[in-house]
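# An overview of the molecular structure
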Amino acid sequence: MSSNGTGPTPKRVTVPWLREARAEDRRIAMVTAYDAPSARLADAAGIDAILVGDSIGSNVLGFANELPVTMDDMVRATRAVSGAAYRALVVADMPFGSYQCNEDEAVANAVRLVKEGGAQAVKFEGAGRALALIERLSHCGIPVMGHVGFTPQSTHALGGARVQGKTRASAQAILDAAREIQFAGAFSIVLELIPAPLARTITGSLTIPTIGIGSGPHCDGQVQIWHDILGLGGERTFRHVRRYANLGPLIRDAIASYALDVQGGQFPTMEHAVSMDLDQLDNLDGDERFPSEAQKEESGEG
Ligand code: KIV
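### A closer look at the pairing of strand β7 (residues 210–213)
Burial along β7 is two-sided: Thr-210 and Gly-212 facing one way and Ile-211 and Ile-213 facing the other are all buried. As paired strands, strand β6 (residues 188–192) and β7 are joined by four bridges and run parallel to one another. Along β7, the bridge assignment pairs Leu-191 with Gly-212.

### A few points about the sheet that holds strand β2 (residues 49–52)
Hydrogen bonding along the main chain pairs the strands of a sheet, whether they run parallel or antiparallel. Taken together, eight strands build a closed barrel; the order of strands is β1-β2-β3-β4-β5-β6-β7-β8 and the barrel is parallel. Between one strand and the next, the sheet's axes are offset by a mean angle of 25°, whatever the strand orientation.

### Re a nonpolar patch on the surface
Together, Leu-250, Ile-251, Ile-255, Tyr-258, Val-262 and Phe-267 make up a nonpolar patch on the protein surface, roughly 570 Å² of accessible area in all. You can see Ile-255 is positioned in helix α11 (residues 247–263).

### Remarks on the site of the ligand
The environment of the ligand is made up of 13 residues, and the closest members are Asp-54, Ser-55, Asp-93, Lys-123 and Ile-225. Contact with the protein chains hides 97% of the accessible area of the ligand, taken as 260 Å² for the molecule alone. Of the residues assigned to the shell around the ligand, the class counts are five nonpolar, four polar and four charged.

### Some thoughts on the packing of aromatic side chains
To describe a pair of aromatic rings, one takes the distance between the centres and the angle between the planes. Taken as a whole and assessed by the stated rule, the structure comprises two aromatic pairs. Plain terms: the ring middles of Tyr-99 and Phe-124 are 5.1 Å apart, the flat faces sit at 40° to each other, and that makes the pair tilted. With Tyr-99 in the loop between β3 (89–93) and α5 (103–115) and Phe-124 in the loop between β4 (121–123) and α6 (130–140), this pair connects stretches of sequence that are 25 residues apart. The same class applies to Tyr-99 and to Phe-124, which are both buried. Between Tyr-258 and Phe-267 the ring centres are 6.2 Å apart and the planes differ by 65°, which places this aromatic pair in the edge-to-face class. Classification of Tyr-258 as partly exposed rests on a relative accessible area of 49%. Just above the ring of Trp-17 sits the side chain of Arg-26; from NZ or CZ to the centre is 5.1 Å. Arg-87 extends its terminal NZ or CZ atom over the ring of Trp-17, reaching a point 5.7 Å from the ring centre.

### Quick word on the pattern of salt bridges
Any two side chains of opposite charge can pair, on the condition that their charged atoms come close. Taken as a whole and judged by the stated rule, the model has nine salt bridges. A salt bridge links Arg-26 to Glu-24, with the shortest nitrogen-to-oxygen separation between them at 2.7 Å. With a relative accessible area of 7%, Arg-26 lands in the buried category. Among the salt bridges present, the one from Glu-116 reaches Arg-112, with a minimum N-O distance of 2.9 Å. Overall, the relative accessible area of 38% leaves Glu-116 in the partly exposed class. By relative accessible area, which is 23% here, Arg-112 ends up partly exposed. Ionic contacts of the salt-bridge type, sharing partners, join the residues Asp-72, Arg-112 and Glu-116 into one network.

### Description of the pairing of β6
Side chains on a regular strand alternate between the two faces of the sheet. Judged by how many residues are buried, β6 sits mostly within the fold: five of five residues are covered. Of the two faces of β6, the one holding Ser-188, Val-190 and Glu-192 and the one holding Ile-189 and Leu-191 are both buried throughout. Sheet topology places strand β5 (residues 144–149) next to β6; five bridges connect them, and they run parallel. Bridging from a neighbouring strand, Gly-149 pairs with Glu-192 of β6. With respect to chirality, the unit in which β6 leads through helix α9 (residues 196–205) into the neighbouring parallel β7 is right-handed.

### Quick notes on helix α1 (residues 15–23)
Those residues of α1 not exposed but buried are Val-15, Trp-17, Leu-18, Ala-21 and Arg-22. Axial view of α1: buried residues confined to an arc of 160°, hence all on one face. Tucked inside the fold, the buried residues of α1 contact β1 (28–32), β3 and α9. Following α1 by one or two positions, Asp-25 has its phi on the positive side, about 60°.

### Focus on the packing of helix α8 (residues 168–184) against α9
Orientation of α8 relative to α9, taken along the N-to-C sense of each, is 30°, at an axis distance of 10 Å. When the interaxial angle is binned, α8 and α9 end up roughly parallel. Here α8 runs over α9; the crossing is right-handed. Across from Ala-171, Ile-174, Leu-175, Ala-178 and Arg-179 in α8, the residues of α9 making contact are Leu-198, Thr-201, Ile-202 and Ser-205. In the contact of α8 with α9, the residues fall into six nonpolar, two polar and one charged.

Rules and cut-offs
Residues numbered from 1 in each chain as written. Predicted model: local features only at pLDDT ≥ 70, side-chain atom pairs only at ≥ 80, totals over all residues. Heavy atoms only, no water. Buried < 20%, exposed > 50% of the residue type's maximum accessible area, 1.4 Å probe, protein only. Helix = DSSP H or I, 4+ residues; strand = E, 2+ residues; numbered from the N terminus. Pairing = 2+ DSSP bridges. Axes fitted to C-alpha atoms, helices over the stretch in contact; angles between N-to-C directions. Patch = residues over 30% accessible without salt bridge, like charges linked within 9 Å, V, L, I, M, F, W, Y side chains within 5 Å. Areas by Shrake-Rupley, 256 points an atom, 1.4 Å probe, with all protein chains shown as cover. Salt bridge = Lys/Arg side-chain N within 4 Å of Asp/Glu carboxyl O. Near = heavy atom within 4 Å. Nonpolar A, V, L, I, M, F, W, Y, C, P; charged D, E, K, R; others polar. Phe/Tyr/Trp six-rings, centres within 6.5 Å; stacked < 30°, edge-to-face > 60°. Lys NZ or Arg CZ within 6 Å of the ring centre and 35° of its normal. Right-handed = clockwise from strand over helix to strand, strands pointing away. Arc of directions from axis to C-beta. Contact = heavy atoms within 4.5 Å. Parallel < 35°, antiparallel > 145°, perpendicular 65-115°, else oblique. Left-handed = near helix turned anticlockwise from the far one by under 90°.

In structure tokens:
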């Protein structure tokens, strides 16, 4: 059975599996992960697809947003995730600047994510000039996930993270972009921060699976940020997030206990250590802090 108990589970979730999931009306569960321990947990939990998002920038690397993230950051994180996820499909984001400037460079960067990172698919934002790249990568055998609505790499142009497509003209533009992305060969598309009725219209107009975030319940699947659903993002909260655990305070309290134990000399104890034949320490050069019995006798301490 699949992770949601409604269908057959393949050894590895694949692009055709996602298409079938949509055709059979099974919802696709996707989450971001940026390192091996998280990928291992997500995989064991039955997640269908992992997004190595460029949101690594704000969630892990300490940047204000995604824009400073480099190809090397993404390749390293993708490698860590793909080495730990045995079932989930691993999709790697192409970071800002890695596909906007030059198409040949963009192809080479996508190839790096697959070849060095071990990704099974790549994702990048927008339509327009990105369409030719979707077409080219699809022909090279690299599956592409599109991304419309709020596109974080255009945060400056869009005036920050805000819902897109609330007017007729902007809704039409997003629907057109989604159709063009499908037509160019994308196997799936992220709909980020658009009104639920628009997400439903787009999902109904396409044949590829739509993966929503902040776009309501009518998409074929959902992607959420690891740190948001696990309470690791500090105090920040978003309307589109359901917090499934609040690990931040748990981790903080655990680390505080550890710090107090170390500072108070309660950890480590001999229980966490290895002993040895003490005779081996006799006459050890330079051992002034813990003198041997012979040294103590010699100095009159013994
Ligand atoms: O980088 C990311 O995490 C994303 C999701 C918001 C879809 O692109």
